[in-house]
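Chain by chain, the residues:
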Amino acid sequence: MTTPSEVPSASVAHPRLLRRRAMVWAFWYTLPLALVAVVLVCRNDLPLSARLMLLLAGALGSGLVGRFLGRRLLASVGTAFDLLASLREGDYGLRGHVQWRRDPLQALIADINALSDELRDGRRKRTEASRFLGKTLVALNSAVFVVDDTGVLRLINPAARRLLHAERTAVVGRAADQLGLGPALAARDDSILDHHFPSGRGRWVVRRAVWYSAGREHVLVMLHDMSAALSEEERRAWQRLIRVLSYELNNSLTPIGSLAGSLAVLLDKESPETARQTVKDGLDAIERRAAGLARFLAGYGRLARLPPLQRTRFRLDESLARLVRLESRLVVEMVGQRSAVVDGDEDQLGQAFVNLLRNAVESALARDSEGRVWLDWRIEIEHVVVTIEDEGVGLPASDCLFVPFFTTKPDGAGIGLSLSRLIVEAHGGSVELRSRDAGPGALAVVRLPFGIPT
Ligand code: ADP
């Protein structure tokens, strides 16, 4: 036996080599007796005692050759047995010493050495992979549960332990149902699970996978906590709202405060008759500001209280034509000709398109030379795509257009775009607003699925 560094490269114990080697061994084994037989045939004048002596010598020679060959054979087979026994016990470090490379039994040992190398490499790779998997499972914020085909919990990671509020040893080996994991195991892949675990209530995205280990089916369920993502999104929404609220309140209250102060100074200095007109103008301005603030608050109420969808199947093209006829300030051209049927809330979608049309018309009217506005639609796979294009002043350089209460108009409420997006997204569609490529102005693109996703 040798250490792994002395391992010779593997050779293949070819059956033909083995047959040839067996014939060589048989030749050497029978050679002494064959020589005696030849002498006895050629020299038949030898006395009986001499013949017996010769026969004895031949048998002794064959016996010695057989002993030598047998020992070599036993040594090789013994080494092979030892190597196989150590492999069976999981010891892949032992190697057989290969002396005569052309001996098929030695080649067998070289092959067992090569097998040991492969098994040792395989075990190293498996150990590395399971160590990596273990570390990944520990670092993962998502909870991972592995349950076997009898419904017994076989593995959990620290996040799952925290979710169950229990030590690993207290839960692994127990029925998953008893641990309250039934709904998580029954949930479909990629679905949202709303569940109460011992650590608390929450919403999780469920990912599941099935695999076989030791011939048995195992299910891996991964629960990804949605509350972290939601609260981040919520925080951003609050930040936006507070930014807009403080902007709007400052815009109204600061001038109201300073106007009231100036009017008070004026009334102190001058007689009420002289100051009458200025006071009236000031009060008008205060009233306008207050009305603006009231409009802003009304808009906020509309955004917050969007009623549930009343679904019907209706002709979107006819609905759009009616909306276009309502616009009296400018003629909106209807380019689309095909009929388009969608499932949705006609009133709410009408409101969304009115907002987009109104913006396009106001932008076109705001240009010195009057720009055009046109409306088109086309059918794509599973979608109706409506486009509203204007040759207006173009979009302001801001990425807050869809942020509630963002407006660049003196009397704007800043809820048209956000309301439109809310409505269209509730229908499973999308709204996009971008600058026109072909010239000045903007292009609104609304994608609506034929049916509302349930
Ligand atoms: P409002 O019209 O009350 O200002 P919106 O939410 O409808 O509120 O629009 C927000 C802002 O987006 C508008 O003030 C305007 O600056 C910009 N906008 C929207 N549509 C267009 C358009 N077609 N062309 C140019 N600017 C637009």
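So, how was this worked out
Residues numbered from 1 in each chain as written. Predicted model: local features only at pLDDT ≥ 70, side-chain atom pairs only at ≥ 80, totals over all residues. Heavy atoms only, no water. Near = heavy atom within 4 Å. Polar contact = N/O pair within 3.5 Å; in protein donor to acceptor, adjacent residues only side chain to side chain. Helix = DSSP H or I, 4+ residues; strand = E, 2+ residues; numbered from the N terminus. Nonpolar A, V, L, I, M, F, W, Y, C, P; charged D, E, K, R; others polar. Core = buried A, V, L, I, M, F, W, Y, C linked by side-chain atoms within 4.5 Å. Buried < 20%, exposed > 50% of the residue type's maximum accessible area, 1.4 Å probe, protein only. Contact = heavy atoms within 4.5 Å. Salt bridge = Lys/Arg side-chain N within 4 Å of Asp/Glu carboxyl O. Pairing = 2+ DSSP bridges. Axes fitted to C-alpha atoms, helices over the stretch in contact; angles between N-to-C directions. Expected span 1.5 Å × (residues − 1). Patch = residues over 30% accessible without salt bridge, like charges linked within 9 Å, V, L, I, M, F, W, Y side chains within 5 Å. Areas by Shrake-Rupley, 256 points an atom, 1.4 Å probe, with all protein chains shown as cover.

**Q** For the site of the ligand, give the residues involved together with the corresponding values.
**A** Asn359, Thr407, Thr408, Lys409 and Leu417 are the nearest of the 21 residues found near the ligand. Note that an oxygen atom of the ligand is positioned 3.2 Å from one of the side-chain N or O atoms of Arg358. Residue assignment for the shell around the ligand shows that the elements contributing at least two residues are helix H10 (346-365) and helix H11 (416-426). In terms of residues, the shell around the ligand owes the most to one element, H10, which gives four residues. Considered class by class, the residues forming the shell around the ligand number 10 nonpolar, eight polar and three charged.

**Q** Break down the nonpolar core for me, with residues and values.
**A** Core analysis: the largest hydrophobic core is formed by 33 residues, its most contacted members being Leu316, Phe353, Leu375, Val386 and Ile388. Sorting elements by how many residues they give to this core places H10 first, with eight residues. If we ignore the near neighbours within four places in the chain, the residues touching Val386 are Leu316, Leu320, Phe353, Leu375, Asp376, Trp377, Ala444, Val445 and Val446. Counting 22 residues, the second-largest nonpolar core is a separate cluster that includes Phe145, Leu164, Leu179 and Leu223.

**Q** Could you give me a rundown of the pattern of salt bridges, with the residues and numbers involved?
**A** Inspection of every chain in the model, using the stated rule, returns 25 salt bridges. One salt bridge connects Asp148 with Arg154, and the closest N-O pair in it is separated by 2.8 Å. Given the relative accessible area of 5%, Asp148 is considered buried. For Arg154, a relative accessible area of 40% translates into the label partly exposed. As a salt-bridge pair, Asp343 and Arg313 come within 3.3 Å of each other at their nearest N and O atoms. You can see Asp343 sitting in strand E8 (residues 341-344) and its partner Arg313 sitting in strand E6 (residues 312-315), a full 30 residues away along the chain.

**Q** Describe the environment of Arg216, naming the residues involved and giving the relevant values.
**A** Tracing the backbone through its elements, the reader meets Arg216 in strand E5 (residues 216-225). C-alpha separation for the pair Arg216 and Asp148, spaced 68 residues apart in sequence, amounts to 7.2 Å. In this structure Arg216 touches Asp148, Asp149, Thr150 and Trp211, once residues within four positions along its chain are discounted. Within polar-contact distance, the side chain of Arg216 engages the side chain of Asp149 at 2.9 Å.

**Q** How would you explain the sheet that holds strand E2 (residues 153-156) if you had to name every residue and give the values?
**A** Pairing within the open sheet is antiparallel, and its five strands lie in the order E2-E1-E5-E4-E3. The open sheet is flanked by E2 and strand E3 (192-197), the only strands paired with a single partner. Averaged over all pairs of adjacent strands, the angle between their axes in this sheet comes to 35°, without regard to strand direction. Pairing analysis gives six bridges linking strand E1 (residues 143-148) to E5, with the strands arranged antiparallel. Bridge assignment links Phe145 to a residue of E5, and that residue is Val221.

**Q** Just give me the short version of helix H2 (residues 48-88), but keep the residues and values in it.
**A** For H2, which comprises 41 residues, the first-to-last C-alpha distance of 58 Å matches the rise-based estimate of 60 Å (1.5 Å per residue) to within 8%. Here H2 has its buried residues at Gly58, Gly61, Ser62, Leu69, Arg72, Ser76, Thr79, Ala80, Leu83, Ser86 and Leu87. Elements that come into contact with the buried residues of H2 comprise helix H1 (15-42) and helix H3 (104-139). Of the residues one or two after H2, Gly90 is the one with positive phi, at around 85°.

**Q** Describe a nonpolar patch on the surface, and please don't skip the residues or the numbers.
**A** Residues Leu33, Leu48, Leu52 and Leu55 make up a contiguous nonpolar surface patch of about 390 Å² in total accessible area. No other element matches the three residues that H2 contributes to the nonpolar patch. Relative to the elements of secondary structure, Leu52 occurs in helix H2. Here Leu52 falls in the exposed class, since its relative accessible area comes to 51%.

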